[in-house]
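Structural overview for review
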Amino acid sequence: MVSLFQILLLLASSTGRGVAGPPKEIYVKAGEMVVLQCRRASHRFDHAPVIWTSESKLPIDLSNMSPAEQRQMGLLFFDTSLFILTASVNHQGNYSCSQRNVSDKLWFRLTVYTTLTSSSLYSMTCYTHESCTLRCPKVNIPPSNNPYFTSYDIIWHKEGKSAQKVKSYFSSVEDTDSGVYTCTRPYLFDGQIYNMSFTLELDVQPKQRNKHAVISYPRPKEIIYVDVGSPAVIKCEAVSYSDLGLLLFWLSGTTFVEKNDSFPVFCNHSREDLTEGIKNTANLVFKEVTEEDLSNNYTCKLQYFSLSIAVTITLAKKVQGSHLPVALCLVVIMAIMAATVSVYVKFKIELILFLRNTLGCHRKTSDGKTYDVFLMCYKSDKVTGLKACDTKWLENVLEEHFGYKLCLFDRDVQPGKATSEALLDCIEQSQSVVLVPSPLAENLETGLLSAIHAALVERKTSLVVIKPGNVKEDKWEPAPEAFKLLEKMGHCVTWESLSSLPPSSTFWKKLRYRLPAACTKNKALPLEVLP
């Protein structure tokens, strides 16, 4: 089931457009450095280059600029990152990056400012008489794996004291420490220092001692399911700023649950220091749950100075669930999976061709190939082969109806060129090769067949062999042993004479399924031209 969805997703997205998200807003102070980082599209494209484009006025492919042009604009590329060494108003605008193709872009909107605005301001809150450490934002900075930039210690300044450095750590922060701070990250590159600064607003607030006093577990009026006749432990957890003056206990009805562990129901306590405060836990322990315990209400109560919180729970007997619904669900899921796989296997060819035709999944000519298909005819002494009109019809339907760009030996090869060299050139320039038996073609020598086989293997070119339908399986010997190697590495599609002529026939579906998608859309070929 998983592989089916992966196949469908791959087919549907192979040429589709990605949906661009909102641009990432980036702010940089004029004269300072900023780094735009592009994420990898997929592990499959780890070695594919990242393409950067400036979209401000006219789209400019920054990745194709010469090193001199990059230096002139103050740009530097490293892995998936674009460095703007000294930002100016000229750098302001929209940028995009993509990997391998332009269908999945990541957008950035760069704003270069000279006067501080609220959009470029970071905020931080600390509490009086507590320790506080200022954190310099780690945004749009050089990646840690960059070997060309050397980072130095962060420098902090406070507004109004620009000439005086200040500390970033307060052992006991006070109200007077509130204000606007600027942190500067210096980086050394090529003998020159480039700065990246960020502005941070520190808000020092008074500590509210009781704000963390709360029962975190259980929830009010919660039903706790237990096994009658078995032991059980129910936790009640409360977090507070301090455990001074804190009481946490359990009530059975209106009676205190004792701490004496000789009782069938008793209470014990534990304490744990957390970053946000102190967690106190009161455990309600049942040595053995009875039917009588199910009829009692149990309340966890917290008293902390003037604060009082109570949470009441109810015990209920666990119901042993039946495995029948689970089994039925598994059977239904397995049946759906089997039906889906069966339907996919049966209609796989129709589905893929539907995606190509209806959704416009056509291959783009960015692979360096001149032709979609090389239609190579051969002659066999033991097989009659296709008629001349059938071979011509094969060429016309592939080229005129389905939009394939064909390489035909008698049309596209320059006269005077050696046959072996011309055949290998056609294979080199084609996405796929289709072998067609024809009585009008020349015999292919064993050495040439071996060279063709080696070329197909080396270039990983797909191969389809047209097999005449009037030949029985045991008499199908189209060529010497060298040809059988070609037949084994290719896919056989049977030509059934008249029934294979219509473009909607099974023959054409199987043939197109084995071929790559055409560069152009289907054309209308009138059926009146059937031979």
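Residues numbered from 1 in each chain as written. Predicted model: local features only at pLDDT ≥ 70, side-chain atom pairs only at ≥ 80, totals over all residues. Heavy atoms only, no water.

Concerning the confidence of the model for the chain
On average, residues of the chain carry a pLDDT of 80, and 82% of them reach 70 or more. The low-confidence segment residues 1–19, where pLDDT is below 50, has 16 contacts with residues more than four positions distant or belonging to other chains. Counting contacts from residues 526–530, a segment whose pLDDT is below 50, to residues more than four positions away or on other chains yields five contacts. (pLDDT = per-residue confidence, 0-100. Contact = heavy atoms within 4.5 Å.)

Here we look at helix α7 (residues 419–428)
Taken together, the buried positions of α7 are Ala-422, Leu-423, Cys-426 and Ile-427. Down the axis of α7, the smallest arc covering the buried residues is 140°, so these residues share one side. (Buried < 20%, exposed > 50% of the residue type's maximum accessible area, 1.4 Å probe, protein only. Helix = DSSP H or I, 4+ residues; strand = E, 2+ residues; numbered from the N terminus. Arc of directions from axis to C-beta.)

Brief notes about the state of the cysteines
Under the criterion given, the structure shown has four disulfides. In this model Cys-38 forms its disulfide with Cys-97; the gap between the sulfur atoms is 2.1 Å. For the disulfide bridge between Cys-38 and Cys-97, the dihedral angle about the S-S bond is near 90°, and by the sign convention the bridge is right-handed. Taken together, the residues Cys-38 in the loop between β2 (34–37) and β3 (50–54) and Cys-97 in strand β7 (residues 93–99) connect sequence positions 59 residues apart. Take Cys-38 and Cys-97: they sit in the same class, and that class is buried. (Disulfide = S-S within 2.5 Å.)

Brief notes about the packing of aromatic side chains
Evaluation of the coordinates by the stated rule reveals 12 aromatic pairs. Taken together, a centroid distance of 5.8 Å and an interplanar angle of 85° make the contact between Phe-78 and Tyr-148 edge-to-face. Taken together, the residues Phe-78 in strand β5 (residues 75–78) and Tyr-148 in the loop between β10 (132–133) and β11 (150–151) connect sequence positions 70 residues apart. When the ring of Tyr-122 is compared with that of Phe-198, the centres are 6.2 Å apart and the planes differ by 75°; the resulting orientation is edge-to-face. Pair noted here: Tyr-122 is in strand β9 (residues 121–127) and Phe-198 is in strand β16 (residues 192–205), with a separation of 76 residues, a long-range link. Linked through ring pairs, Phe-83, Phe-149, Phe-189 and Tyr-194 together constitute an aromatic cluster. (Phe/Tyr/Trp six-rings, centres within 6.5 Å; stacked < 30°, edge-to-face > 60°.)

So, the sheet that holds β5
Taken in spatial order, the three strands make up an open sheet running β2-β6-β5, and their pairing is antiparallel. Each edge of the sheet is formed by a strand with only one pairing partner; in this case those strands are β2 and β5. Strand after strand, the sheet turns through a mean of 20° between neighbouring axes, direction not considered. Both β5 and strand β6 (residues 81–84) contribute to a ladder of four bridges, which runs antiparallel. Bridging across to β6, Phe-78 finds its partner in Ser-81. (Pairing = 2+ DSSP bridges. Axes fitted to C-alpha atoms, helices over the stretch in contact; angles between N-to-C directions.)

Some thoughts on helix α5 (residues 388–401)
Taking 1.5 Å per residue as the helical rise, α5 with its 14 residues ought to reach 20 Å, and the 19 Å between its terminal C-alpha atoms agrees with that figure. Turning to α5, its buried residues are Asp-390, Thr-391, Trp-393, Leu-394, Glu-395, Val-397, Leu-398, Glu-399 and His-401. In this structure, the buried residues of α5 make contact with β26 (371–378), β27 (406–408), α6 (409–412), β28 (430–437), β30 (491–495) and α10 (506–514). (Expected span 1.5 Å × (residues − 1).)

A short note on the pattern of salt bridges
Counted under the stated rule, the structure contains nine salt bridges. Here Asp-273 ties to Arg-271 by a salt bridge, and the two come within 3.1 Å at their closest N and O atoms. Among the residues examined, Asp-273 registers a relative accessible area of 55% and is labelled exposed. Residue Arg-271 is classed as partly exposed on the basis of its relative accessible area of 46%. One salt bridge connects Glu-272 with Lys-279, and the closest N-O pair in it is separated by 3.5 Å. Lys-279 gets classed as buried once you look at its relative accessible area, which sits at 18%. (Salt bridge = Lys/Arg side-chain N within 4 Å of Asp/Glu carboxyl O.)

Examining the environment of Val-214
Mapping Val-214 onto the fold places it in strand β17 (residues 214–217). Along the chain, Val-214 and Ser-308 lie 94 residues apart, while their C-alpha atoms are 9.3 Å from each other. Once you skip the residues sitting within four places of it in the chain, Val-214 turns out to touch Glu-237, Ala-238, Val-239, Leu-302 and Ile-309.

Considerations on unusual backbone geometry
Here the phi dihedral of His-129 falls at roughly 65°; this positive angle occurs in a residue that is not glycine. Here His-129 lies in the loop between β9 and β10. The class of His-129 is exposed, set by a relative accessible area of 58%. A positive phi angle is found at Asp-190, which is not glycine, with a value near 55°. Summarising the element assignment, Asp-190 is placed in the loop between β15 (179–189) and β16.

As for the pairing of strand β29 (residues 462–468)
The element β29 is largely enclosed, with a buried count of six among its seven residues. When β28 meets β29, the two strands line up parallel, connected through four bridges. Across the sheet, Val-434 pairs through a bridge with Val-464, a residue of β29. Judged from the five bridges that link them, β29 and β30 form a sheet pairing that is parallel. Counted as the bridge partner of Val-465 is Cys-492 from β30.

Some details on the side chain of Asn-283
When you line up the elements, Asn-283 lands in strand β23 (residues 277–286). According to the relative accessible area criterion, Asn-283 is buried, its value standing at 12%.

Thoughts on the packing of α5 against α10
Contact geometry for α5 and α10: axes closest at 13 Å, N-to-C directions at 60°. Taken together, α5 and α10 sit at an angle that is classed as oblique. Once α5 is placed against α10, the crossing between them reads as right-handed. Together, Trp-393, Leu-394, Val-397 and Leu-398 of α5 and Phe-507, Trp-508 and Leu-511 of α10 make up the contact between the two elements. (Parallel < 35°, antiparallel > 145°, perpendicular 65-115°, else oblique. Left-handed = near helix turned anticlockwise from the far one by under 90°.)

Observations regarding the environment of Trp-250
Structurally, Trp-250 is set in strand β20 (residues 246–252). Spatially, the C-alpha atom of Trp-250 lies 8.5 Å from that of Cys-236, the residues being 14 residues apart in sequence. A polar contact of 2.9 Å, which involves the side chain of Trp-250, links it to the backbone oxygen of Ala-282. (Polar contact = N/O pair within 3.5 Å; in protein donor to acceptor, adjacent residues only side chain to side chain.)

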